[in-house]
Each structure stands twice: as structure tokens, then as C-alpha cells.
Amino acid sequence: MSDDDEQIAIYDEVEIEDMTWDETMQIYHYPCPCGDRFEIALVDLRDEADIAVCPSCSLMIRVIFEVVSFLLGGGEVAVGLSEGKSVAAAVP
């Protein structure tokens, strides 16, 4: 964890399996207490980013996931979960 990560105020930690996948927008989202939703793009997950932000307020959550493999160039990104389950999302 970098110094930047330690300075970010995280509202909660959420496992990716608890988030909803939006095929059209290529994002995972999760309800925010403000009424909007936290969002993290598949591209960000590919880059191993783990912070989902709410576009309507200042809250952020840490997304718990483990990158299992990347099949680039029109394949899939397999995102492993801590319980050994996995979610696959199509990559353009």
C-alpha cells in the first residue's frame, strides 16, 4: 500500500461479488448512502485500481478483488474473489 492509499478516507470495503456489473458501461457499481452509486471501471480493475468513487459525493470504497488473469485483445478479464469464486467480464 502506498502513502497515497493511506491518506484516502475509505467509507467501506466491498467485495466485487457484492457489486453489480453493467455490461453497457463496462463498470461495476454499488449503492452509495447519498442515493447515487459507487463506480469502478473495468479498465481501472485491469490496472489493479481498487477505489470506487461516487460521482455525487466525496465517499469512496475499496473494492476487494484479486486479479487472476488478463486475456487482452478482445478476451475476458477474470477477477477472482477471496472466497475462490470468480466473475468474468468481457473486455472490448
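Placed above this text is the structure.
The shown structure was predicted, so the numbers you read here are calculated from the model rather than taken from an experiment.

1. Comments concerning unusual backbone geometry
Phi at glutamine 26 takes a positive value of approximately 60°, unusual for a residue other than glycine. Its location among the elements puts glutamine 26 in the loop between strand 2 (20-22) and strand 3 (27-31). One non-glycine residue, glutamate 48, lies in the positive phi region at around 65°. Tracing the chain through its elements places glutamate 48 in the loop between helix 2 (42-46) and strand 5 (51-53).

2. Looking at the environment of valine 67
Looking at the element boundaries, valine 67 is found in strand 7 (residues 66-70). Considering only alpha carbons, one finds valine 67 and glutamate 48, 19 residues apart in sequence, at a separation of 7.4 Å.

3. Quick look at the environment of arginine 62
Tracing the backbone shows arginine 62 in strand 6 (residues 60-64). When the C-alpha positions of arginine 62 and alanine 52 are compared, they lie 6.3 Å apart, and in sequence the two are 10 residues distant. A polar contact is formed between the side chain of arginine 62 and the side chain of aspartate 50, at a distance of 2.9 Å.

Parameters at a glance
Residues numbered from 1 in each chain as written. Predicted model: local features only at pLDDT ≥ 70, side-chain atom pairs only at ≥ 80, totals over all residues. Heavy atoms only, no water. Helix = DSSP H or I, 4+ residues; strand = E, 2+ residues; numbered from the N terminus. Polar contact = N/O pair within 3.5 Å; in protein donor to acceptor, adjacent residues only side chain to side chain.

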